[in-house]
Amino acid sequence: MQYTEELYRSRALRFYDGNKELWLNLIGVREGMKVLEVGCGSGIFCHRIKTFCRTHGHRIDLDTGHIEYAKKKSKELGIDCTFINADATALPFPDNSFDLCYSYTVIDFCDPNLFISEQKRVLKSGGTLTVLNIHGGGINSQMWKPEDADEEKALFDKLWSEAGKNKLSDIKKYPLSLRDYPINLEKAGLKEIKMDVLAVAPYNPDNSNIFETLISLINRKYDQRIEKYQSGEKLWDFSAGITFAAGGKK
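On a predicted model such as this, the values are computed, not experimentally measured, just so you know.

1. Focus on the overall build of the protein chain
Per the secondary structure count, the protein chain includes nine helices and seven strands. For the protein chain, buried positions account for 38% of its 250 residues. Of the contacts made within the protein chain by residues no fewer than 6 positions apart, 75% connect residues no fewer than 24 positions apart. Of the roughly 14600 Å² of accessible surface on the protein chain, a fraction of 51% belongs to carbon and sulfur atoms.

Here it is, written out as structure tokens:
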């Protein structure tokens, strides 16, 4: 789980000026659209879209902390965005209200049938529904734990075992396979179903919310890698996340 500000920063590093057209096309945003973002989190997608494209509409999230942060950030940036605390499975909008409804990494936390049917309800005839998620990017201990039997590995093992006891570790209650997305959209009565993907290679900043000793060990490891780069040693470090979009029209 990411804190609100950390969520904002990490997503800002994925959706930026250099790849804006790719993201806008994946989401399905066009000039002048009335847009509903379902599960807006910290508000970064609204800020990016409003910077790159003239739209209007609403952004909702069930988390009041996210909404307050998004409002505050919008004021700081001077961007006009409307954020509302609301439930994705009981949207507080009348039928036929929006040209586009989209979400990013939200459907896993809701009953997918209610999630899709509510957005279809508030879409105008011919409107677009886009569900974005991350494929193969789920965090697991094998991705980032050190393999050597040293102090850093021991601390990671301890941290990971404690994390599993937190009830938030089980928050993802509605996991879907890739093939479930178009099937659920079609079952809801949407037309012109399509799937698309976007590969993003982000820079991941240090996470400041872990043990001080562990931070020191990680920083030391990265310092050593920088020294190797500077000495001319080739290290083929690369990381990429695959964002996919399942969409259809009402």
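Here the narrative resumes.
2. Notes on the sheet that holds strand β4 (residues 98–104)
As summarised here, the arrangement of the seven strands in space is β3-β2-β1-β4-β5-β7-β6, forming an open sheet in which the pairing is mixed. Edge positions in the sheet fall to β3 (83–85) and β6 (191–200), since each of these pairs with one other strand and no more. Each strand of the sheet is rotated relative to its neighbour by a mean of 20 degrees, with strand direction disregarded. In this structure, strand β1 (residues 34–38) lies alongside β4, joined through three bridges in parallel fashion. From the neighbouring strand, Glu-37 faces β4, where its bridge partner is Tyr-102. The strands touched by helix α2 (residues 20–27) within the sheet are β4, β5 (123–135), β6 and β7 (241–249), with β6 carrying the most contacts at an inclination of about 155 degrees. Running over the sheet, helix α5 (residues 112–122) touches β1, β4 and β5 and is turned about 145 degrees from β5.

3. Overview of the side chain of Thr-55
By the secondary structure assignment, Thr-55 is in the loop between α3 (44–52) and β2 (56–61). Aside from chain neighbours lying at most four places away, what touches Thr-55 is Val-29, Arg-30, Met-33, Val-35, Ile-49 and Lys-50.

4. Notes on the nonpolar core
Counting 23 residues, the largest nonpolar core has Leu-36, Ile-60, Phe-93, Phe-115, Ile-116, Val-122 and Leu-129 as the members making the most contacts within it. Within the residue set of this core, elements represented by two or more residues are β1, β4, α5, β5, α8 (180–187) and β7. Aside from chain neighbours lying at most four places away, what touches Leu-129 is Cys-101, Ile-116, Gln-119, Lys-120, Leu-123, Leu-185, Leu-190, Ala-246, Gly-247 and Gly-248.

5. Remarks on the packing of aromatic side chains
Overall, the coordinates contain 10 aromatic pairs when judged by the stated rule. Centre to centre, the rings of Trp-23 and Phe-45 are 5.5 Å apart; their planes meet at 85 degrees, and the pair counts as edge-to-face. Placement of the pair is Trp-23 in helix α2 and Phe-45 in helix α3, with a sequence separation of 22 residues. Note on Trp-23: relative accessible area 0%, which makes it buried. Classification of Phe-45 as buried rests on a relative accessible area of 2%. Relative to Tyr-104, the ring of Phe-45 has its centre 4.9 Å away and its plane inclined at 35 degrees; by these criteria the two rings are tilted. One end of the pair, Phe-45, is in helix α3; the other, Tyr-104, is in strand β4, and 59 residues separate them in sequence. Each member of the pair, Phe-45 together with Tyr-104, is buried. Here a set of aromatic residues connected by ring pairs shows up, and it is made of Phe-15, Trp-23, Phe-45, Phe-52, Tyr-102 and Tyr-104. Positioned over the ring face of Phe-98 is Lys-34, at 5.3 Å from the centre of the ring. Taking NZ or CZ as reference, Lys-73 lies 5.2 Å from the ring centre of Tyr-8, over its face.

6. With respect to unusual backbone geometry
Unusually for a residue other than glycine, Asn-96 sits at a positive phi of about 55 degrees. Checked against the element boundaries, Asn-96 lands in the loop between β3 and β4. Assessed through its relative accessible area of 46%, Asn-96 is described here as partly exposed. One non-glycine residue with positive phi stands out, namely Glu-192, at about 50 degrees.

7. Focus: the pairing of β4
Of all seven residues that make up β4, six are buried, and the element is covered over most of its length. In terms of strand pairing, β4 meets β5 through six bridges, oriented parallel. From the neighbouring strand, Phe-98 faces β5, where its bridge partner is Leu-123.

8. What to know about the state of the cysteines
Here the structure, examined in full by the defined rule, presents one disulfide. Between the sulfur atoms of Cys-46 and its disulfide mate Cys-81 the distance is 2.2 Å. Between Cys-46 and Cys-81 the disulfide shows an S-S torsion of about -110 degrees. By sign, it is left-handed. You can see Cys-46 sitting in helix α3 and its partner Cys-81 sitting in the loop between α4 (64–77) and β3, a full 35 residues away along the chain. Given a relative accessible area of 0%, Cys-46 falls into the buried group.

Parameters at a glance
- Residues numbered from 1 in each chain as written.
- Predicted model: local features only at pLDDT ≥ 70, side-chain atom pairs only at ≥ 80, totals over all residues.
- Heavy atoms only, no water.
- Helix = DSSP H or I, 4+ residues; strand = E, 2+ residues; numbered from the N terminus.
- Buried < 20%, exposed > 50% of the residue type's maximum accessible area, 1.4 Å probe, protein only.
- Contact = heavy atoms within 4.5 Å.
- Areas by Shrake-Rupley, 256 points an atom, 1.4 Å probe, with all protein chains shown as cover.
- Pairing = 2+ DSSP bridges.
- Axes fitted to C-alpha atoms, helices over the stretch in contact; angles between N-to-C directions.
- Core = buried A, V, L, I, M, F, W, Y, C linked by side-chain atoms within 4.5 Å.
- Phe/Tyr/Trp six-rings, centres within 6.5 Å; stacked < 30°, edge-to-face > 60°.
- Lys NZ or Arg CZ within 6 Å of the ring centre and 35° of its normal.
- Disulfide = S-S within 2.5 Å.

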